[in-house]
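Chains, contacts and geometry: an overview
One-letter residues, chain by chain:
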Amino acid sequence: MRAQIGVIGMAVMGQNLALNIEGKGFPVAVYNRTAERTREFAEGRAKGRRIISTYTLEEFVDALARPRRILIMVKAGAPVDAMLEGLFPLLERGDLVMDGGNSHYADTERRLGEAEERGLLYLGVGISGGEYGALCGPSIMAGGHREGYELVREVFERIAAPGPEGPCCGYFGPGSAGHYVKMVHNGIEYAIMETIAEAYDLMKRGLGMSPDEMAGVFSDWNKRELGGYLFEITERILRYRDPGTGEPLVELILDTAKQKGTGKWSTQAALDLGTPAPTIAMAVFARIISAFKDERAAASGVLSGLDPALGVDRGEFIGRLFGAVYLSVIAAYAQGLRQLRDASAERGYGLELAEVARVWMAGCIIRSVLLVPIRKALLDEPDLPLLFLAEPFRSAWEEYHGDLRWVTCIAREHGIPTPAMDSALAFVDAYRTERLPANLIQAQRDFFGAHTYQRIDREGTFHTDWEAVA
Ligand code: 6PG
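The structure contained in this document is the topic of the report that follows. Keep in mind the model is a prediction, meaning the values are calculated, not measured.

Let us look at the site of the ligand. Contacts to the ligand come from 15 residues, most closely from Ser-128, Lys-182, Glu-189, Tyr-190 and Arg-287. With respect to the ligand, the side chain of Lys-182 contributes an N or O atom lying 2.8 Å from an oxygen atom. For the ligand, an oxygen atom lies 2.7 Å from a polar atom in the side chain of Glu-189. In isolation the ligand exposes 420 Å². Once the protein is present, 80% of that is buried. When residues in the shell around the ligand are grouped by element, the largest group, 5 residues, is from helix H8 (residues 177-206). Classifying every residue of the shell around the ligand by side-chain character gives 2 nonpolar, 9 polar and 4 charged.

What follows is about the layout of surface pockets. One number sums up the size of the second largest pocket: a volume of about 310 Å³. Considering the residues around the second largest pocket, the lining is formed by Arg-435, Ala-438, Asn-439, Gln-442, Ala-443, Tyr-453, Gln-454, Arg-455, Ile-456 and Trp-466.

Moving on, we come to the sheet that holds strand E7 (residues 139-144). Read from one edge of the open sheet, 8 strands run E3-E2-E1-E4-E5-E6-E7-E10, paired in mixed fashion. A strand with exactly one partner marks an edge of an open sheet, and here the two such strands are strand E3 (51-53) and strand E10 (169-171). Across this sheet, the average inter-strand angle for adjacent strands is 20 degrees, counted without regard to direction. Where strand E4 (residues 69-72) meets strand E5 (residues 96-99), 4 bridges bridge the pair, whose relative direction is parallel. Paired with Arg-69 across the two strands is Leu-96, which belongs to E5. Running at roughly 30 degrees to strand E6 (residues 121-128), helix H7 (residues 146-159) makes contact with strand E1 (5-8), E4, E5, E6, E7 and E10 of the sheet.

Under the definition given, this model contains 40 salt bridges. Taking the shortest distance from any N to any O, the salt bridge between Arg-239 and Asp-212 comes out at 3.9 Å. Placement of Arg-239 in helix H10 (residues 229-239) and of Asp-212 in helix H9 (residues 211-222) is noted, with a sequence separation of 27 residues between them. Its relative accessible area of 40% is what places Arg-239 among the partly exposed residues. Put simply, Arg-358 and Glu-355 hold a salt bridge, and the shortest N to O gap is 2.9 Å. You can see Arg-358 and its partner Glu-355 sitting in helix H15 (residues 353-359), 3 residues apart, about one turn around the helix. The class of Arg-358 is buried, set by a relative accessible area of 10%. Overall, Glu-355 belongs to the partly exposed group, its relative accessible area being 22%. Through salt bridges with shared partners, a single ionic network connects Asp-81, Asp-99, Asp-107, Arg-110, Arg-111 and Glu-114.

By size, the foremost hydrophobic cluster in this structure holds 88 residues, and its most contacted members are Trp-221, Tyr-333 and Trp-360. Residue contributions to this core peak at 17 residues, all from helix H14 (residues 314-347). Setting aside residues up to four positions removed in sequence, Tyr-333 forms contacts with Ile-188, Ile-192, Ile-366, Ser-368, Leu-370, Leu-371, Ile-374 and Leu-387. Listed in part, the 32 residues of the second largest apolar core include Ile-127, Ile-140, Val-155 and Ala-160.

Rules of the game
- Residues numbered from 1 in each chain as written.
- Predicted model: local features only at pLDDT ≥ 70, side-chain atom pairs only at ≥ 80, totals over all residues.
- Heavy atoms only, no water.
- Near = heavy atom within 4 Å.
- Polar contact = N/O pair within 3.5 Å; in protein donor to acceptor, adjacent residues only side chain to side chain.
- Areas by Shrake-Rupley, 256 points an atom, 1.4 Å probe, with all protein chains shown as cover.
- Helix = DSSP H or I, 4+ residues; strand = E, 2+ residues; numbered from the N terminus.
- Nonpolar A, V, L, I, M, F, W, Y, C, P; charged D, E, K, R; others polar.
- 1 Å grid on protein atoms, 1.4 Å probe; cavity = no way out; pocket = protein on both sides within 12 Å on 5 of 7 lines; lining within 4 Å.
- Points joined across faces, edges and corners; volume = space filled by probe spheres on them.
- Pairing = 2+ DSSP bridges.
- Axes fitted to C-alpha atoms, helices over the stretch in contact; angles between N-to-C directions.
- Contact = heavy atoms within 4.5 Å.
- Salt bridge = Lys/Arg side-chain N within 4 Å of Asp/Glu carboxyl O.
- Buried < 20%, exposed > 50% of the residue type's maximum accessible area, 1.4 Å probe, protein only.
- Core = buried A, V, L, I, M, F, W, Y, C linked by side-chain atoms within 4.5 Å.

What follows is the structure in structure tokens.
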């Protein structure tokens, strides 16, 4: 028996994907850098399945039917390069190598070039859904050589999460298109998580609500227009009690958020492109500030604030908090999709944004009922500049921007930080303002640096000697 596909890297994601692929009828060969882990897998979860365990790269490569199809699931960065260095020389023209980790898109471009020089096919594949998704149906975002995608299309369509509009996998374009889409997916993930955390903070510190009470609110919201995986798990987290103490576990967790870098990359890439993604950026900075635990603890005794108790009617506040959260979540998708639109134009991905929305409908971390109208809006207008310009988002803005203003205003008055919500509001307010104060910035630039400016009443480029006496 030869395996139809090979998986390298037997950490949880690799193991679960191998089991998912085998379970859908494709024999799999597996390999891990340290043999011990492969052995454990072979004798444990892989036992009795059509999974060929191999202990050298040569053995692994020999176990695969041709053209070989290899999915690498190792930690992003140097480990991927180290693996490719060993693997590439063993392969033959037409073999396909796929990197299923969260690799930086620039690394993917470089590796794809190296593969191409050897006559190999290469795909950068973003896989979302965590451990459970890998085993039971992830969302798969592929980019690179199209012929390569055709070699694995059937496997991906079988293992991906079944969405309402077909299996949640897709080929998004050449080069690093797949990893770029996954990176922006993670940027949106950061922004939604931060928005939810801010709502939790307002309810907890501002209204004095218990975790169970807050769970009830998230449960209600999850049944509404913005319902989705991140709301669902938030409810479950809030209800979970620590078996040892009987306390809500969330309240026993240290308040410093870690990050592996994809939200940061998404923001860096937005800055490089010159596309506005402030809510995603604020979510990254919020995690960074949270990590300054000791400094925050020290500053809390030095810099005074205001009483966080909001002193408002709980029912009214929660009702309006929904609107604030809803618009902030739309802003996260709107910014991420705008970034993808601009990246596609600059990098030649040829992305179909409606197809991206379709692939995000199930399996991934940002799956949400919102993706149904998002996809529809993008099908109706593939080059839509910003989600808020299309229905139902335009009406959502009309209906809820008063709530977003009210909630963030109250948060400001009580010193509870809500950077994601604030930035979502400022973003849309700036976007819908015909005349911004950037004229003054141009004047300042021209004053100190002779950077010139344009006028609204005349064609041309102008410079003024601002200090000359008029
Ligand atoms: C997914 C997730 C996943 C990511 C984790 C952790 O789509 O399944 O985005 O790929 O690695 O969520 O990311 P951070 O450590 O950066 O929070």
